[in-house]
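So the chains spell out like this:
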Amino acid sequence: MIRCSLGTAKVLGLKQIKVDDLPTTAYLMVGERCHFNCAFCAQARESGARSDMLSRVTWPQFPRADFLKGLEGGQAQDTLKRICFQVVQDEEALAATKVWVKEVKEHTDAPICVSAGPRTLEEIQELLELGVDHVSIALDAATPEVYMQVKDGSWDRRYSLLTEAAARFPGSIATHLIVGLGESEEEMAHLIQDLYDQGITVALFAFTPVRGTRLEHCDQPALAHYRRVQAAHFLIRQGQARADQFGFKDGKLLDFGLPLDRLQQLLRDGEAFRTSGCTGCNRPYYNETPGETMYNYPRSLTKAEAAQAWEVLRT
Ligand code: SF4
């Protein structure tokens, strides 16, 4: 059996549901109940959330044969640009992921990434040797202080593994950062710059309260805060600006070191506000409630949405 996100199940023909936007990556979950205790995570050791939840999304379970058959189906072939294994942190889950990677490779040519599992360079190497194209080591928190509040273990150790991995396996390492855990925009922007300087792909997410987790009563970040971090991330990733030329006041991004008309030109099409990370990753409704404002757009923005994002960014 394997768990996949509800949207993925629809693409694979395993669930008949109505959705506005399909995932362009198949999101698969291996393992259950992590041995870590992240305050925001439904899979955390002491979380009271349902075991089939990760962020806002439910992850039903399917028999192996049905899943593999779905992967070869027409809709999956047309829609999926990537396969992403979300590995809940335990040794068995990582071992099981390796078996799944081999199996999935026999049924699709889509690139494969593995998120959150490995703890050593050797484990990362093993995954890459199996043909995984990106390994994501989730840092989640922008600073050691935030990490201490919301995660187990050490930010420094996680950051060291990330940077050593990026040096050893250039172009193959990614990370996830969660905006809205208590860090400032300035701290987040400088970390994003540092990670891109080391060739690490960054996927940005907005903190999302999930029932049953320690942070269930906390708010999502203000949309304007998230839009500013998205814009900073986009400009850094595109090489259009560097964090050291941004202007900050009390930790808030005031300007991006670019003339206003140039900034508007760069952000006009709304690309900055789409889901970031590995190519092909769009994670619909991971941070969003259907019908409400999107933190990460899983598709191109309409003109009106892009104009609105620009306005929000400047508030
Ligand atoms: S960026 Fe997307 S595809 Fe890449 S590891 Fe993260 S969730 Fe998976």
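Every value quoted in this text rests on a predicted model; they were computed, and no experiment measured them.

The rules we used
- Residues numbered from 1 in each chain as written.
- Predicted model: local features only at pLDDT ≥ 70, side-chain atom pairs only at ≥ 80, totals over all residues.
- Helix = DSSP H or I, 4+ residues; strand = E, 2+ residues; numbered from the N terminus.
- Expected span 1.5 Å × (residues − 1).
- Buried ≥ 20, exposed ≤ 12 C-beta atoms within 10 Å, placed from the backbone.
- Arc of directions from axis to C-beta.
- Axes fitted to C-alpha atoms, helices over the stretch in contact; angles between N-to-C directions.
- Parallel < 35°, antiparallel > 145°, perpendicular 65-115°, else oblique.
- Contact = placed C-beta atoms within 7 Å.
- Nonpolar A, V, L, I, M, F, W, Y, C, P; charged D, E, K, R; others polar.
- Near = placed C-beta within 6 Å.

Asks: Give a description of helix 4 (residues 91–105) that names residues and reports values.
Replies: Taking 1.5 Å as the rise per residue, helix 4 with 15 residues should run 21 Å; its terminal C-alpha atoms sit 22 Å apart, in good agreement. All buried positions along helix 4 are accounted for by Ala-93, Leu-94, Thr-97, Trp-100, Val-101 and Val-104. Viewed along the axis of helix 4, the buried residues span an arc of 115°, placing them on a single side of the element. Exposed residues on helix 4 whose side chains face more than 90 degrees from its buried face are Glu-91, Glu-92, Ala-95, Val-99 and Lys-102.

Asks: A description of the packing of helix 9 (residues 223–237) against helix 11 (residues 303–313) should follow, citing residues and the corresponding values.
Replies: At a minimum axis separation of 8 Å, helix 9 and helix 11 run at an interaxial angle of 105°. Relative to helix 11, helix 9 is oriented roughly perpendicular. Between helix 9 and helix 11, the contacting residues are Leu-223, Ala-224, Arg-227, Arg-228 and Ala-231 on the first element and Ala-309, Val-312 and Leu-313 on the second. By residue class, the composition of the contact of helix 9 with helix 11 is six nonpolar, no polar and two charged.

Asks: Which residues make up the site of the ligand, and what values go with them?
Replies: Taken together, the neighbourhood of the ligand is formed by 13 residues, with Cys-84, Ala-203, Gly-277, Cys-278 and Cys-281 sitting nearest. Only strand 6 (82–87), strand 7 (112–115), strand 8 (134–136) and strand 9 (173–179) provide two or more residues apiece to the shell around the ligand. Considered class by class, the residues forming the shell around the ligand number six nonpolar, six polar and one charged.

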